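# Working through the structure, step by step
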Amino acid sequence: VQLQASGGGLVQAGGSLRLSCAASGGTFSSTGMGWFRQAPGKEREFVAAINWSGGSTYYADSVRGRFTISRDNAKNTVYLQMNSLKPEDTAVYYCAASRYSGTSTHTAGYDYWGQGTLVTVSS
């Protein structure tokens, strides 16, 4: 499975961005997907996850109510809509795919990773 993340950029605090992650080479419609992020000098942390159908989602406490994960199985793409962005959201954001159909909040639950897209939120 190959994953290509896009949509990062520079935005002011309070603004919005939508990240996309296009998948190829696997059976996307039966795959659990997740978004993680890594800020400079920090460990990679869980952001959001979605199961194969989109019927189950999980969020980190720090983004719940501001971020929304969704997927379009017809387009083999998962999205992360980020609203009310804060400077502390600044990080490289990675999408990840699991061999399984459910969700996981841990990096160990994912087998394939995209290259990351940088999100910078200015104050």
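See above for the structure.
Described in the following lines is the structure provided in the data block. Values in this document were obtained by computation on a predicted structure and should not be read as measured data.

Spatially, the four strands line up as an open sheet ordered S1-S3-S8-S7, and their pairing is antiparallel. Every interior strand has two partners, whereas the edge strands, strand S1 (2-6) and strand S7 (67-72), have only one. Neighbour to neighbour, the strand axes of the sheet diverge by 15° on average, direction disregarded. Sheet topology places S1 next to strand S3 (residues 17-24); five bridges connect them, and they run antiparallel. Bridge pairing in S3 places Gln2 opposite Ser24.

Attention shifts here to empty space enclosed by the protein. Gaps left between atoms show up when a probe the size of a water molecule is rolled over them. Considering all chains together, one arrives at one cavity of 30 Å³ or more under this definition. Estimates place the volume of the largest cavity at around 50 Å³. In this structure, the largest cavity is lined by Val1, Ala23, Ser24, Gly26, Thr27, Phe28, Thr31, Met33, Asn76 and Ala97.

Reading the values: rules and limits
- Residues numbered from 1 in each chain as written.
- Predicted model: local features only at pLDDT ≥ 70, side-chain atom pairs only at ≥ 80, totals over all residues.
- Heavy atoms only, no water.
- Pairing = 2+ DSSP bridges.
- Helix = DSSP H or I, 4+ residues; strand = E, 2+ residues; numbered from the N terminus.
- Axes fitted to C-alpha atoms, helices over the stretch in contact; angles between N-to-C directions.
- 1 Å grid on protein atoms, 1.4 Å probe; cavity = no way out; pocket = protein on both sides within 12 Å on 5 of 7 lines; lining within 4 Å.
- Points joined across faces, edges and corners; volume = space filled by probe spheres on them.

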